[in-house]
Amino acid sequence: MKEIADDVLADAFLRGDSKAFELLFLRYQPRLVFFVMGFVKDEEVSRDICQDIFLRLWQGRESMTPVKSFKSLVFSMARHAICNYYDHHLIVEKFKEKQLLAPVNTDNAEEQFFAEQLQELINSAVESMPAQRKKIFTLSRVEGIPNSEIAEMLNISKRTVENHLTMALAELRKAVKLFLIAAMCI
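Below or above, wherever it landed, is the structure these notes cover. This one's a predicted model, so the numbers in the text were calculated from it and none came from an experiment.

1. Re helix H5 (residues 109-127)
Then, number 1: With 19 residues, H5 should cover 27 Å at 1.5 Å per step; its first-to-last C-alpha distance of 27 Å lies within 8% of that length.
Then, number 2: For H5, the full list of buried residues reads Ala 115, Leu 118, Ile 122, Ala 125 and Val 126. Along the axis of H5, the buried positions cluster into a sector of 100 degrees, meaning they face one direction only. Turned more than 90 degrees from where H5 packs its buried face, Ala 109, Glu 110, Glu 120 and Glu 127 sit exposed.

In C-alpha coordinates:
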(Lines give C-alpha, C1' and ligand atoms only; values in the text may rest on other atoms or scores of the structure.)
Protein backbone atom coordinates (compact mmCIF):
# COMPACT_ATOMS: atom_id res chain seq x y z
CA MET A 1 0.00 0.00 0.00
CA LYS A 2 1.30 3.41 -0.96
CA GLU A 3 1.99 5.75 1.97
CA ILE A 4 -0.11 8.91 1.90
CA ALA A 5 1.90 12.16 2.05
CA ASP A 6 1.79 14.22 5.24
CA ASP A 7 0.42 17.32 3.50
CA VAL A 8 -2.54 15.35 2.10
CA LEU A 9 -3.27 13.85 5.53
CA ALA A 10 -2.83 17.23 7.25
CA ASP A 11 -5.28 18.91 4.87
CA ALA A 12 -7.83 16.13 5.43
CA PHE A 13 -7.27 16.35 9.20
CA LEU A 14 -7.92 20.11 9.15
CA ARG A 15 -11.23 19.39 7.42
CA GLY A 16 -12.15 17.08 10.34
CA ASP A 17 -11.21 13.71 8.85
CA SER A 18 -10.61 11.52 11.91
CA LYS A 19 -9.04 8.73 9.83
CA ALA A 20 -6.39 11.15 8.50
CA PHE A 21 -5.71 12.30 12.04
CA GLU A 22 -5.41 8.69 13.18
CA LEU A 23 -2.84 7.99 10.43
CA LEU A 24 -0.84 11.10 11.42
CA PHE A 25 -1.01 10.02 15.04
CA LEU A 26 0.23 6.50 14.23
CA ARG A 27 2.99 7.95 12.07
CA TYR A 28 4.32 10.54 14.52
CA GLN A 29 3.37 9.53 18.05
CA PRO A 30 6.14 6.91 18.51
CA ARG A 31 8.80 9.30 17.19
CA LEU A 32 7.47 12.11 19.33
CA VAL A 33 7.47 9.96 22.47
CA PHE A 34 11.07 8.95 21.76
CA PHE A 35 12.04 12.61 21.23
CA VAL A 36 10.35 13.83 24.43
CA MET A 37 11.73 10.92 26.44
CA GLY A 38 15.23 12.03 25.49
CA PHE A 39 14.58 15.15 27.58
CA VAL A 40 12.26 14.13 30.41
CA LYS A 41 13.69 10.61 30.94
CA ASP A 42 10.30 9.18 31.90
CA GLU A 43 8.29 7.15 29.40
CA GLU A 44 4.93 7.67 31.08
CA VAL A 45 5.40 11.44 31.27
CA SER A 46 6.59 11.45 27.64
CA ARG A 47 3.48 9.58 26.53
CA ASP A 48 1.26 11.99 28.49
CA ILE A 49 2.95 15.01 26.91
CA CYS A 50 2.51 13.55 23.42
CA GLN A 51 -1.09 12.62 24.13
CA ASP A 52 -1.75 16.23 25.15
CA ILE A 53 -0.13 17.50 21.95
CA PHE A 54 -2.35 15.35 19.75
CA LEU A 55 -5.41 16.18 21.82
CA ARG A 56 -4.72 19.93 21.40
CA LEU A 57 -4.25 19.40 17.67
CA TRP A 58 -7.59 17.62 17.34
CA GLN A 59 -9.46 20.12 19.51
CA GLY A 60 -7.94 23.11 17.73
CA ARG A 61 -8.17 21.81 14.17
CA GLU A 62 -11.03 24.12 13.16
CA SER A 63 -9.07 27.27 14.01
CA MET A 64 -5.75 26.06 12.57
CA THR A 65 -4.36 27.40 9.34
CA PRO A 66 -2.92 24.96 6.80
CA VAL A 67 0.56 23.81 7.78
CA LYS A 68 3.53 23.35 5.49
CA SER A 69 4.97 20.53 7.55
CA PHE A 70 2.98 18.50 10.06
CA LYS A 71 6.24 17.00 11.32
CA SER A 72 7.67 20.46 12.08
CA LEU A 73 4.44 21.44 13.81
CA VAL A 74 4.33 18.47 16.19
CA PHE A 75 8.03 18.63 17.03
CA SER A 76 7.76 22.36 17.65
CA MET A 77 4.81 21.71 19.95
CA ALA A 78 6.88 19.03 21.69
CA ARG A 79 9.75 21.46 22.29
CA HIS A 80 7.33 23.94 23.87
CA ALA A 81 5.74 21.19 25.96
CA ILE A 82 9.17 20.10 27.23
CA CYS A 83 9.95 23.69 28.25
CA ASN A 84 6.59 23.95 30.02
CA TYR A 85 7.24 20.63 31.76
CA TYR A 86 10.59 21.85 33.10
CA ASP A 87 9.18 25.25 34.10
CA HIS A 88 6.45 23.49 36.07
CA HIS A 89 8.95 20.99 37.50
CA LEU A 90 11.18 23.83 38.77
CA ILE A 91 8.23 25.54 40.46
CA VAL A 92 7.20 22.31 42.17
CA GLU A 93 10.77 21.62 43.33
CA LYS A 94 11.16 25.15 44.74
CA PHE A 95 7.88 24.76 46.61
CA LYS A 96 8.94 21.39 48.04
CA GLU A 97 12.29 22.84 49.04
CA LYS A 98 10.67 25.77 50.85
CA GLN A 99 8.27 23.44 52.61
CA LEU A 100 11.14 21.16 53.64
CA LEU A 101 13.19 23.99 55.16
CA ALA A 102 10.37 26.09 56.62
CA PRO A 103 10.15 26.13 60.40
CA VAL A 104 6.93 24.68 61.78
CA ASN A 105 5.00 26.61 64.42
CA THR A 106 2.12 24.90 66.15
CA ASP A 107 0.27 24.96 69.46
CA ASN A 108 -0.08 21.17 69.51
CA ALA A 109 2.69 19.69 71.67
CA GLU A 110 2.82 16.45 69.67
CA GLU A 111 3.12 18.30 66.37
CA GLN A 112 5.76 20.61 67.85
CA PHE A 113 7.76 17.61 69.06
CA PHE A 114 7.48 16.00 65.62
CA ALA A 115 8.58 19.25 63.94
CA GLU A 116 11.57 19.59 66.27
CA GLN A 117 12.59 15.98 65.56
CA LEU A 118 12.29 16.60 61.84
CA GLN A 119 14.38 19.77 62.09
CA GLU A 120 17.05 17.87 64.04
CA LEU A 121 17.07 15.21 61.32
CA ILE A 122 17.51 17.86 58.62
CA ASN A 123 20.31 19.53 60.59
CA SER A 124 21.99 16.16 61.07
CA ALA A 125 21.67 15.34 57.36
CA VAL A 126 23.23 18.68 56.45
CA GLU A 127 26.07 18.11 58.93
CA SER A 128 26.82 14.70 57.42
CA MET A 129 27.17 16.08 53.88
CA PRO A 130 30.62 16.36 52.30
CA ALA A 131 32.26 19.67 53.25
CA GLN A 132 31.84 21.37 49.85
CA ARG A 133 28.19 20.33 49.50
CA LYS A 134 27.43 21.41 53.07
CA LYS A 135 29.06 24.79 52.50
CA ILE A 136 27.22 25.37 49.20
CA PHE A 137 23.90 24.28 50.73
CA THR A 138 24.35 26.58 53.73
CA LEU A 139 25.37 29.55 51.59
CA SER A 140 22.41 29.03 49.27
CA ARG A 141 19.56 27.91 51.49
CA VAL A 142 20.46 29.38 54.89
CA GLU A 143 22.18 32.61 53.87
CA GLY A 144 20.24 33.09 50.64
CA ILE A 145 23.24 33.79 48.41
CA PRO A 146 22.57 33.35 44.66
CA ASN A 147 24.26 30.44 42.88
CA SER A 148 26.34 32.73 40.66
CA GLU A 149 27.80 34.49 43.71
CA ILE A 150 28.54 31.18 45.43
CA ALA A 151 30.35 30.03 42.28
CA GLU A 152 32.49 33.18 42.32
CA MET A 153 33.19 32.91 46.06
CA LEU A 154 34.31 29.29 45.79
CA ASN A 155 35.96 29.67 42.38
CA ILE A 156 33.83 26.93 40.80
CA SER A 157 31.29 26.90 37.98
CA LYS A 158 27.65 27.79 38.55
CA ARG A 159 26.73 24.36 37.21
CA THR A 160 28.87 22.70 39.93
CA VAL A 161 27.00 24.75 42.54
CA GLU A 162 23.68 23.62 41.05
CA ASN A 163 24.81 19.98 41.01
CA HIS A 164 25.81 20.15 44.69
CA LEU A 165 22.45 21.70 45.60
CA THR A 166 20.57 19.05 43.63
CA MET A 167 22.44 16.28 45.44
CA ALA A 168 21.98 17.98 48.83
CA LEU A 169 18.24 18.32 48.34
CA ALA A 170 17.99 14.70 47.17
CA GLU A 171 19.78 13.60 50.36
CA LEU A 172 17.42 15.68 52.48
CA ARG A 173 14.32 14.34 50.73
CA LYS A 174 15.57 10.78 51.24
CA ALA A 175 16.26 11.39 54.95
CA VAL A 176 12.86 13.01 55.48
CA LYS A 177 11.11 10.21 53.62
CA LEU A 178 12.79 7.60 55.85
CA PHE A 179 11.90 9.64 58.93
CA LEU A 180 8.26 9.83 57.90
CA ILE A 181 8.12 6.10 57.20
CA ALA A 182 9.65 5.39 60.61
CA ALA A 183 7.23 7.83 62.28
CA MET A 184 4.25 6.10 60.70
CA CYS A 185 5.41 2.75 62.06
CA ILE A 186 5.50 4.01 65.64
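2. Quick word on the pattern of salt bridges
Then, number 1: Counted according to the given criterion, the structure contains five salt bridges.
Then, number 2: Residue Glu 127 is joined to Lys 134 by a salt bridge in which the shortest nitrogen-to-oxygen separation is 2.7 Å.
Then, number 3: The closest approach of N and O atoms between Arg 133 and Glu 171, which form a salt bridge, is 2.3 Å. Of this pair, Arg 133 sits in helix H6 (residues 131-142) while Glu 171 sits in helix H8 (residues 158-185), and the two are 38 residues apart along the sequence.
Then, number 4: Overall, Arg 133 belongs to the buried group, its relative accessible area being 12%.
Then, number 5: Judged by relative accessible area, Glu 171 falls into the partly exposed class, the value being 30%.

3. Looking at the packing of aromatic side chains
Then, number 1: A complete count under the given rule lists ten aromatic pairs for this structure.
Then, number 2: The interplanar angle of 70 degrees and the centroid separation of 6.1 Å between the aromatic rings of Phe 21 and Phe 54 together place this pair among those described as edge-to-face. Here the residue Phe 21 occupies a position in helix H2 (residues 18-40), and Phe 54 occupies one in helix H3 (residues 43-59), the gap between them amounting to 33 residues. No difference in accessibility class separates Phe 21 from Phe 54, as the two residues are buried.

Quick notes on the rules
Residues numbered from 1 in each chain as written. Predicted model: local features only at pLDDT ≥ 70, side-chain atom pairs only at ≥ 80, totals over all residues. Heavy atoms only, no water. Helix = DSSP H or I, 4+ residues; strand = E, 2+ residues; numbered from the N terminus. Expected span 1.5 Å × (residues − 1). Buried < 20%, exposed > 50% of the residue type's maximum accessible area, 1.4 Å probe, protein only. Arc of directions from axis to C-beta. Salt bridge = Lys/Arg side-chain N within 4 Å of Asp/Glu carboxyl O. Phe/Tyr/Trp six-rings, centres within 6.5 Å; stacked < 30°, edge-to-face > 60°.

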